[in-house]
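Chain by chain, the residues:
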Amino acid sequence: MEWLFLLDKTVIAFVAFAITLLIATYSTYAERKVAAFMQDRVGPDRAGPFGIFQPLADAGKFFFKEEIIPNTSNKFLFIIGPGIAMLTALMTSVVIPWGDTLEINGRMVSLQVSDLNIGVLYVFGVVSLGVYGIMIGGWASNNKFSLLGAVRASSQMISYEISMGLALIALIMMTGSLSLKTIVEQQHSFWNEGWFSWNVFSQPLGFLLFLVCSFAECNRTPFDLAECDAELVGGYHTEYSSMKLGFYMFAEYINMFISGAFMTSLFFGGYNFPFMDDMGLSQNWVTVIGVFVFFLKTFAFIFFFMWVRWTLPRFRYDQLMRLGWQYMIPLSLLNIFITGSVILFIEYIK
Amino acid sequence: MKPLSNRSKVVSDKTLSAKESAYLPAIMHGLGVTLKHFFRRPATTKYPEQQREFSVVYRGRHVLKRDENGAERCTACGLCAVACPAEAITMTSAERKKGEEKLYREEKYATTYEINMLRCIFCGLCEEACPKQAIFLTPETAPASYEREDFFWGKDRLVEGLAPEQRIDVTKRQDR
């Protein structure tokens, strides 16, 4: 049975990889369409019906563009930068529970590559490594704009990781587990013991803080200071061209998808949906619907990311830092305090 | 000091109120605005397939009109060339010979008439200067080209065709 288990996991890993890439590809298309609709335009509509082959055309263009490596750059680091960005973006999908268990020929197959008991911590570790891709790329370019962008990106990510972690601590105090699978299972269905079972209803402030931090972690507007075309040309990827630039952009979209999936699992019940036990469906059907529900929620987050991007202007650097250190961190500490008090209070009345 | 105009604004550097510095209400409002636009009909004209109608008084490429009998109206008086601020119009003239009454309306006509479309600023002063109602600007654009020579428009391209379907209707411009 051991090799069957390995086969399952390999298949799930590959499917998750393929889906992640596909979604990231089509996020670029979605981004352009969303941007267009919000500005009363129609967006790309030339490549195929409604322009659905636009991402392929973009990718083709990336591949055939001239590749320029500045001769003053550190060649090895310059090349490895986008690779690191891509690698760390893809690594996080390992612990995301895409769905519940499927029953195939009497075997229970969990739709998760690996149920690490420190899943949340793992994601945090890998996401923190993500800054190296930007940092190394920006530094190795030997360009002042790239370096400034890289410095901004790293200080921003470090600042916001703190409040992100603190926002999660409150959640973990509630769940008592770092395993994403366990956290999702605790949010079963929609209603439980007189209160909504999804964590967003018991941790609204925590969710809000986490959401804002994930914008900062993904380098998305209003926190896209790493790129900020207006002042820094292109930020850390000023010197990049061809598919290396494509890798950086792709990594950004993958990050967006992963953080959407992560927030879905942590706060919005993952693959759980209301009335999942009352519909009289078999376990496999519930799982299949659950997977769709999971992706639906994730897409909603991706749409929200884009929606915000085309609504808000960029923060100034000092505003960003003030928001991070003077508002977010005290608020997340307050959130921990409130959560702890409530937990103690509930235990007390029991 | 007395302000020169009453458009000056008093700049205020008051600190943000608690509600304003919470950002969230303003962000929600902004999200609402963009969502409203998300469902609005796009203002785009899908260009090669759809083309926007030009206004009837649009000042595009020129046309040299013929009269109702098909004779050229231009009498080569040169007023358009004088009026032209960009000095884009040049012409040479000749006297009409016997038997050419069908071709030229007046006793004098333009043997060559050239507009340099690269110099032309499409101001429409030639149209206004013309006493014979011979030259008009049309709601069509001068086509782009890679060759400089293609922009020196002679009579072959300026004079409208004889056939009724080749005539360019400028009556709407004349009414205004």
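Read across the sheet, three strands follow the order S2-S3-S5 (chain B) without closing on themselves; strand pairing throughout is antiparallel. Edge positions in the sheet fall to strand S2 (89–95) and strand S5 (152–153) of chain B, since each of these pairs with one other strand and no more.

Attention shifts here to the interface of chain B and chain A. The interface of chain B with chain A comprises ten residues on the first partner and ten residues on the second. Of the residues contributing to the side of chain B that touches chain A, the split by class is five nonpolar, four polar and one charged.

Residue and element names in this part refer to chain B. In this structure, alanine 76 takes a positive phi of about 55° despite not being glycine. On the secondary structure map, alanine 76 appears in the loop between strand S1 (62–64) and helix H3 (79–83). Overall, alanine 76 belongs to the buried group, with 22 C-beta atoms counted inside 10 Å. Look at glutamate 87: it is not a glycine, yet its phi comes out positive at around 50°.

Let us look at helix H8 (residues 204–217) of chain A. In an α-helix there are 3.6 residues to a turn, and that puts residues three or four apart on one side. All names here are of chain A. For H8, spanning 14 residues, the distance from its first C-alpha to its last is 20 Å, which sits close to the expected 20 Å at 1.5 Å a residue. Across the 14 residues that make up H8, a large majority, ten, are buried. All of the buried residues in H8 are Gly206, Phe207, Leu209, Phe210, Val212, Cys213, Ser214, Phe215, Ala216 and Glu217. Check the buried side of H8 and you find it contacts helix H4 (119–140), helix H5 (144–175), helix H7 (199–202), helix H10 (242–267), helix H11 (283–309) and helix H12 (317–349).

What follows deals with the environment of Arg167(B). Mapped onto the elements of the fold, Arg167(B) is located in the loop between helix H5 (155–158) and helix H6 (171–175). Taking C-alpha positions, Arg167(B) is 63 Å from Ser12(B), a pair spaced 155 residues apart along the chain.

The next point concerns H10(A). All names here are of chain A. With 26 residues, H10 should reach 38 Å at 1.5 Å per residue; the first-to-last C-alpha distance of 38 Å fits that figure. The buried fraction of H10 is high, at 22 of 26 residues. Backbone geometry just downstream of H10 places glycine 269 in the positive-phi region, at approximately 75°.

To continue, consider the packing of H8(A) against H12(A). Residues and elements named next belong to chain A. Two elements in contact, H8 and H12, have axes whose closest approach is 10 Å; the angle formed by their N-to-C orientations is 150°. The pairing of H8 with H12 is recorded here as roughly antiparallel in orientation. Viewed along their axes, H8 and H12 form a crossing whose handedness is left-handed. Along its contact with H8, which presents Leu205, Gly206, Leu209, Val212 and Cys213, the element H12 presents Met328, Leu331, Ser332 and Asn335. When the residues that make up the contact of H8 with H12 are grouped by side-chain class, the tally is six nonpolar, three polar and no charged.

Reading guide: rules and limits
Residues numbered from 1 in each chain as written. Chains lettered and ligands numbered in written order. Predicted model: local features only at pLDDT ≥ 70, side-chain atom pairs only at ≥ 80, totals over all residues. Pairing = 2+ DSSP bridges. Helix = DSSP H or I, 4+ residues; strand = E, 2+ residues; numbered from the N terminus. Contact = placed C-beta atoms within 7 Å. Nonpolar A, V, L, I, M, F, W, Y, C, P; charged D, E, K, R; others polar. Buried ≥ 20, exposed ≤ 12 C-beta atoms within 10 Å, placed from the backbone. Expected span 1.5 Å × (residues − 1). Axes fitted to C-alpha atoms, helices over the stretch in contact; angles between N-to-C directions. Parallel < 35°, antiparallel > 145°, perpendicular 65-115°, else oblique. Left-handed = near helix turned anticlockwise from the far one by under 90°.

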